[in-house]
Amino acid sequence: MKRFACLLSSVCLILSGPQFATASAEPEAVKISQFSGKPVPRFESLRYTAVHGRKGPSTDHEIVWRYERQGLPVLVVKETRNWRQVRDADGDETWVQARMLTETRHVVLLEKSVLRKRPAELSRGIASLQQGVVAELEQCEDGWCRLKAEKFKGWVPQQSLWGIETRTDGL
């Protein structure tokens, strides 16, 4: 009888195991901002060539940074109705007016990379891109991202870019 009880409890544990495994594997809930209705964190880009980064969310706060690269990707980490707290590729955080940002996605190259015709290491190179280049992001698949950099379009390895994954960008 003791053997039967032991066998029965083992079978119950085995059958209930997948329930516990799927419960812990569920994705985290996405945080949606009450101000914009968009997920936070998320990437956006600077709309203008010159954008002031401030110490807090109003023009009364001191300017602590002047961004001078249109299209520069920033990670929106907090927001109010008219302001966004952003983090840049160097990890600096400032507040910028929401109207200074655009949803057009851009990335920054973390290292010198070859822009390739197809998403494969042996594919023909189209152009050489220097570290720090800002490029428009078109799509990503299988560890490669298609970019538009000036008049060139092609693929680079995803790991050589900043501005793709919010989970891995210092949160």
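The notes below deal with the structure included here.

The rules behind each value
- Residues numbered from 1 in each chain as written.
- Predicted model: local features only at pLDDT ≥ 70, side-chain atom pairs only at ≥ 80, totals over all residues.
- Heavy atoms only, no water.
- Core = buried A, V, L, I, M, F, W, Y, C linked by side-chain atoms within 4.5 Å.
- Buried < 20%, exposed > 50% of the residue type's maximum accessible area, 1.4 Å probe, protein only.
- Helix = DSSP H or I, 4+ residues; strand = E, 2+ residues; numbered from the N terminus.
- Contact = heavy atoms within 4.5 Å.
- 1 Å grid on protein atoms, 1.4 Å probe; cavity = no way out; pocket = protein on both sides within 12 Å on 5 of 7 lines; lining within 4 Å.
- Points joined across faces, edges and corners; volume = space filled by probe spheres on them.
- Nonpolar A, V, L, I, M, F, W, Y, C, P; charged D, E, K, R; others polar.

### Points about the nonpolar core
Membership of the largest hydrophobic core comes to 13 residues, with the highest contact counts inside it found for Leu147 and Leu161. Elements with a contribution of two residues or more to this core: strand 8 (106-109), strand 10 (125-129), strand 11 (134-141) and strand 12 (144-149). Among the elements that take part in this core, strand 12 stands out by supplying three residues, more than any other. The contact partners of Leu161, leaving out residues within four places of it in the chain, are Val107, Val108, Leu109, Leu110, Cys145, Leu147 and Val156.

### Comments concerning the side chain of Ser113
In this fold, Ser113 is placed in strand 9 (residues 113-116). Filtering out sequence-adjacent residues up to four positions away, Ser113 remains in contact with Ala127, Ser128, Leu129, Val156 and Ser160.

### Description of the layout of surface pockets
Reported here for the second largest pocket is a volume of approximately 170 Å³. Looking at the second largest pocket, the residues that line it are Trp65, Tyr67, Glu68, Arg69, Leu72, Asp88, Ala89, Asp90 and Val108. When the residues that make up the lining of the second largest pocket are grouped by side-chain class, the tally is five nonpolar, no polar and four charged.

### Notes on the side chain of Gln85
Positionally, Gln85 belongs in strand 5 (residues 83-87). Residues within four places of Gln85 in sequence aside, it is in contact with Leu75, Val76, Val77, Lys78, Glu93, Thr94 and Trp95.

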